[in-house]
Amino acid sequence: MFLKKMSNGFNKISTGVVTLACLLIFLVFSSLVLPDQAAKAESYAGEAGSPDTSLFYTSKDLYRFAEAYGEEGRTAYIRARFTFDVIWPITYLIFLVTSISWLLRKANLHNSRWGLLNLVPVFGTAFDFIENSMASIVMARYPQTTIVIDRLAGVFTLLKWVFISGSFVVLIASVLLMLFRLKKRK
């Protein structure tokens, strides 16, 4: 099974040192790069908001974003999706995958079905990339409509948030499971 092999691969690379390094990368990126990128996004999005930070949006909402951004804003949005928003999902992916894998191994659950929970961030990241691509296509083609893609973009945004939020729930649950198992051993 492909997913089990992927999960096992993540377990193998998720040593304490690798997990700590991924945590540091995540923290540095979150504190130094993310605020600057958020300010840039706000400069072209203004009060209109952004597809990326919305929980869900319709195709009508997506075209409203595109119109509000103007040509310069749409260009900046697309550029950000294929620069910053490639690196950011990879950053949170490696943090979440290694942390969850390491914690589940410490809780001695990595070889059970629970071990597959280290794959939840992979789905969140995949949906993030799909969402970015779809929203960028709509932005690039605006004012032309992009039927199907414009409707699916919001669905993939919702799926992204479900899986990314779910990843943090799994992370917290993994910490609690590890602490419970450690306490039980003593």
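I will try to describe carefully the structure that is included in this document. (Residues numbered from 1 in each chain as written. Predicted model: local features only at pLDDT ≥ 70, side-chain atom pairs only at ≥ 80, totals over all residues. Heavy atoms only, no water.)

For side chains of opposite charge, pairing can occur when their charged atoms come near one another. On inspection of all chains with the given rule, the structure shows 6 salt bridges. Close ionic contact of lysine 40 with aspartate 36 constitutes a salt bridge, the shortest N to O distance being 3.5 Å. Taken as a pair, lysine 40 and aspartate 36 lie in helix H2 (residues 16-45) at a separation of 4 residues, close to a single helical turn. Residue lysine 160 pairs with glutamate 131 through a salt bridge whose shortest N-O separation is 3.0 Å. With lysine 160 in helix H6 (residues 149-185) and glutamate 131 in helix H5 (residues 120-141), this residue pair connects regions lying 29 residues apart in the sequence. Lysine 160 sits in the buried class, given a relative accessible area of 3%. Its relative accessible area of 0% is what places glutamate 131 among the buried residues. (Salt bridge = Lys/Arg side-chain N within 4 Å of Asp/Glu carboxyl O. Helix = DSSP H or I, 4+ residues; strand = E, 2+ residues; numbered from the N terminus. Buried < 20%, exposed > 50% of the residue type's maximum accessible area, 1.4 Å probe, protein only.)

This next bit is on the nonpolar core. Side chains of nonpolar character tend, in soluble globular proteins, to be buried together. Formed by 19 residues in total, the largest nonpolar core has its most connected members in Tyr44, Tyr57, Leu62, Phe65, Tyr69, Tyr77 and Met139. Considering each element in turn, this core owes the most residues, 8 residues, to helix H3 (residues 59-81). Sequence-distant contacts of methionine 139, defined by excluding residues within four places in its chain, comprise Pro51, Leu62, Phe65, Ala66, Tyr69, Arg74, Tyr77 and Ile78. Membership of the second largest hydrophobic core comes to 17 residues, among which are Phe29, Leu96, Leu104 and Leu171. (Core = buried A, V, L, I, M, F, W, Y, C linked by side-chain atoms within 4.5 Å. Contact = heavy atoms within 4.5 Å.)

Right, let's get into the packing of aromatic side chains. In total, this model carries 14 aromatic pairs according to the counting rule given. An angle of 20° between the planes, with centres 5.8 Å apart, marks the rings of phenylalanine 26 and tryptophan 88 as stacked. With phenylalanine 26 in helix H2 and tryptophan 88 in helix H4 (residues 84-106), the pair connects residues that are 62 residues apart, well separated along the chain. A single burial state applies to phenylalanine 26 and to tryptophan 88, both of which are buried. With a centroid separation of 5.3 Å and an interplanar angle of 75°, the aromatic rings of tyrosine 44 and tyrosine 69 are classed as edge-to-face. Linking tyrosine 44 in helix H2 with tyrosine 69 in helix H3, this pair joins segments that are 25 residues apart in sequence. You'll find tyrosine 44 and tyrosine 69 in the same group, each marked buried. Chaining the aromatic ring pairs together yields one cluster made of Phe26, Phe29, Phe84, Trp88, Tyr92, Phe95 and Phe168. A cation sits over an aromatic face here: arginine 81 above tyrosine 77, 4.3 Å from the ring centre. (Phe/Tyr/Trp six-rings, centres within 6.5 Å; stacked < 30°, edge-to-face > 60°. Lys NZ or Arg CZ within 6 Å of the ring centre and 35° of its normal.)

Moving on to unusual backbone geometry. Here the residue pair tyrosine 142 and proline 143 is connected by a cis peptide bond, since its omega of 15° sits within 30 degrees of zero. Of note, proline 143 is situated in the loop between H5 and H6. Even without being a glycine, asparagine 108 presents a positive backbone phi close to 60°. Along the polypeptide, asparagine 108 turns up in the loop between H4 and H5. Positive phi outside glycine occurs at valine 148, with the angle close to 80°.

Attention now moves to the side chain of serine 14. Within the secondary structure, serine 14 sits in the loop between helix H1 (2-13) and H2. Among the residues examined, serine 14 registers a relative accessible area of 0% and is labelled buried.

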